[in-house]
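Reading the structure
Residues per chain are reported as follows:
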Amino acid sequence: MNLLALPAFNDNYIWMLHDGVRAAVVDPGDAGPVHEALDALRLQLSAILVTHHHADHVGGVDALRGRLQGSVFGPARERIPTPFTPLSDGARIEALGLRFEVIDVPGHTAGHIAYLTHDDGPDPLLFCGDTLFSGGCGRLFEGTPAQMHQSLSRLSALPAKTRVCCTHEYTLSNLKFALAVEPANEALAAYTSECQALRAAGQITLPSTIGRELQINPFLRCDQPAVVATAMAHGAPNPAPVAVFGALREWKNHFR
Ligand code: ZN
Ligand code: FE
C-alpha cells in the first residue's frame, strides 16, 4: 500500500493510503488536497477515517462525500459530520482490504480514537490524530492528564516498529521543548539534527516510530530519572508518572 501525507492548512497532514486504484484518507480537514491527489493519481475514494471532531480534521468530510464509495468512520462519542459509522475501543473495520483496530485515546478530546493495522507489510501502521506527535503530544482540551497519560501508555506499548502517522508537523518545536526537558539525551540531539536537515530541505519529518518516540519524546518518558527531575523542578507535586506528565504538559503550554 502507498502511504502519502497530503499537506493541508499551515502544518496539517491528511494521510492517504492507496493501492493504485482505491484510496482511504484520514482526517480530511480540507477537501482540496484530497480532490487534487485523487484526480492526479486517478484513484477512487473508498473510506474516510476520522480521529476526532476538530474542524481541521473533519472540515473536508462533507465535500468529499460526493465521490466517496464507502463509509465515513469516526469516534462514537464525538459530534462529527453525519452520517458516519461510530467506533469505539476494540472495534474492527476494514478499509482497502486492511483490517484496522480502534483504540480509545481520550485526552486531546474526550472521544478521540486511533486506528491501527497490522496488515500493511511487516511494520504496523498507526493513525493517531492529535494524541501522539513526534517529540510531543496533543494539548488537553477536553481530557485530564491521567487520561492522556493512559492513552499515550497504550500507544507506547505497541511494537517498536509501528509507524506513527500524526496529523501535524510540530516536530521541530516539540524537540526544542524536549531538549529543555532532557538536555543530555544524545538520541534526542541526533534526532533533532536529522529533523532540522529534513525541514531545511522542505521534507516531512513523519511518520515516526514508537521505538523512536520512546527514545526522544519526554511525554513517553515520564518514568526516566532525568525527566522526573526536570518535572519536579517545574511543579510536579510528586515523582509519579502521571504527575510528571501533568507538569510537563502544563509547562509546554507556555513554553517558547
Ligand atoms: Zn485536534
Ligand atoms: Fe489538529
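This text goes with the structure placed above it.
A short tour of the structure in this document, coming up.

Cut-offs applied
Residues numbered from 1 in each chain as written. Chains lettered and ligands numbered in written order. Predicted model: local features only at pLDDT ≥ 70, side-chain atom pairs only at ≥ 80, totals over all residues. Heavy atoms only, no water. Donors = N, O, S within 2.8 Å, 3.2 Å for Na, K, Ca; no water. Tetrahedral: all angles 85-135°; square planar, octahedral: opposite > 155°, others 65-115°. Pairing = 2+ DSSP bridges. Helix = DSSP H or I, 4+ residues; strand = E, 2+ residues; numbered from the N terminus. Axes fitted to C-alpha atoms, helices over the stretch in contact; angles between N-to-C directions. Expected span 1.5 Å × (residues − 1). Buried < 20%, exposed > 50% of the residue type's maximum accessible area, 1.4 Å probe, protein only. Arc of directions from axis to C-beta. Contact = heavy atoms within 4.5 Å. Phe/Tyr/Trp six-rings, centres within 6.5 Å; stacked < 30°, edge-to-face > 60°. Parallel < 35°, antiparallel > 145°, perpendicular 65-115°, else oblique. Left-handed = near helix turned anticlockwise from the far one by under 90°. Salt bridge = Lys/Arg side-chain N within 4 Å of Asp/Glu carboxyl O. Lys, Arg positive; Asp, Glu negative; His and termini not counted. Polar contact = N/O pair within 3.5 Å; in protein donor to acceptor, adjacent residues only side chain to side chain.

**Focus on the coordination of the zinc ion (ligand 1)**
Taken together, H52 (NE2), H54 (ND1), H108 (NE2) and D130 (OD) make up the protein donors of the zinc ion (ligand 1), found 2.2 to 2.3 Å from the metal. Around the zinc ion (ligand 1) sit four donor atoms, and with donor-metal-donor angles ranging over 87 to 171 degrees the site reads as irregular. Positions of the donor residues of the zinc ion (ligand 1), expressed as sequence spacing, correspond to H-x1-H-x53-H-x21-D. The distance between the zinc ion (ligand 1) and the iron ion (ligand 2) is 3.2 Å, with D130 acting as a donor to both metals.

**Comments concerning the coordination of the iron ion (ligand 2)**
Protein coordination at the iron ion (ligand 2) comes from D56 (OD), H57 (NE2), D130 (OD) and H168 (NE2), with a distance range of 2.1 to 2.4 Å. Coordination at the iron ion (ligand 2) comes from four donor atoms whose angles at the metal span 86 to 168 degrees, giving a geometry best classed as irregular.

**Topic: the sheet that holds strand β2 (residues 12–18)**
Spatially, six strands are ordered β1-β2-β3-β4-β5-β6 in an open sheet, and the strand pairing comes out mixed. If you trace the sheet from one side to the other, it starts and ends with β1 (2–8) and β6 (85–87), each paired once. Taken over all neighbouring pairs, the strand axes of this sheet differ in orientation by 25 degrees on average, direction set aside.

**Re helix α4 (residues 145–156)**
Over its 12 residues, α4 extends 16 Å from the first C-alpha to the last, a length consistent with the 16 Å expected when each residue adds 1.5 Å. By the burial criterion, the buried members of α4 are M148, H149, S151, L152, L155 and S156. Axial view of α4: buried residues confined to an arc of 160 degrees, hence all on one face. Close packing links the buried residues of α4 with β8 (98–104), β10 (125–129), β11 (132–133), β12 (136–137), α7 (210–216) and α9 (241–253).

**A few points about the packing of aromatic side chains**
Summed over all chains, the structure comprises eight aromatic pairs. Between W251 and F255 the ring centres are 5.9 Å apart and the planes differ by 90 degrees, which places this aromatic pair in the edge-to-face class. Under the relative-accessibility criterion, W251 is labelled buried at 14%. Aromatic ring contacts, followed pair by pair, group F177, F219, F245, W251 and F255 into a single cluster.

**Considering the packing of helix α5 (residues 171–181) against helix α6 (residues 186–200)**
Put simply, α5 and α6 touch, their axes get as near as 10 Å, and they point 155 degrees apart. Classified by the angle between their axes, α5 and α6 sit roughly antiparallel to one another. Considering only the axes of α5 and α6, their crossing is left-handed. From α5, T171, L172, L175, A178 and L179 reach across to α6, where they touch L188, A189, Y191, T192, C195, Q196 and R199.

**Thoughts on the pattern of salt bridges**
Pairs can form between side chains of opposite charge once their charged atoms are near each other. Counted under the stated rule, the structure contains nine salt bridges. One salt bridge connects R67 with D39, and the closest N-O pair in it is separated by 2.8 Å. One end of the pair, R67, is in the loop between α3 (61–64) and β5 (68–75); the other, D39, is in helix α1 (residues 31–41), and 28 residues separate them in sequence. Salt-bridge contacts for E194 lead to R212; the nearest nitrogen and oxygen are separated by 3.9 Å. Of the two residues, E194 is situated in helix α6 and R212 in helix α7; the sequence distance between them amounts to 18 residues. By relative accessible area, which is 41% here, E194 ends up partly exposed.

**A word on the pairing of strand β9 (residues 113–117)**
The buried count for β9 comes to five of five residues, which makes it a mostly enclosed element. Residues I113, Y115 and T117 line one face of β9 and the alternating positions A114 and L116 line the opposite face, and both faces are buried. Bridge count for β8 against β9 is five bridges, and the pairing is antiparallel. The partner of F100 across the bridge, within β9, is T117. Bridge count between β9 and β10: three bridges; the pairing is antiparallel.

**Some points on the side chain of R249**
Assignment of secondary structure puts R249 in helix α9. Although R249 is buried, it makes no salt bridge; E250 carries the closest opposite charge, 7.3 Å away. Only 2.8 Å separates the side chain of R249 from the backbone oxygen of C137, close enough to count as a polar contact. Once residues lying within four places of it in the same chain are set aside, the contact partners of R249 are C137, G138, R139, L140 and F219.

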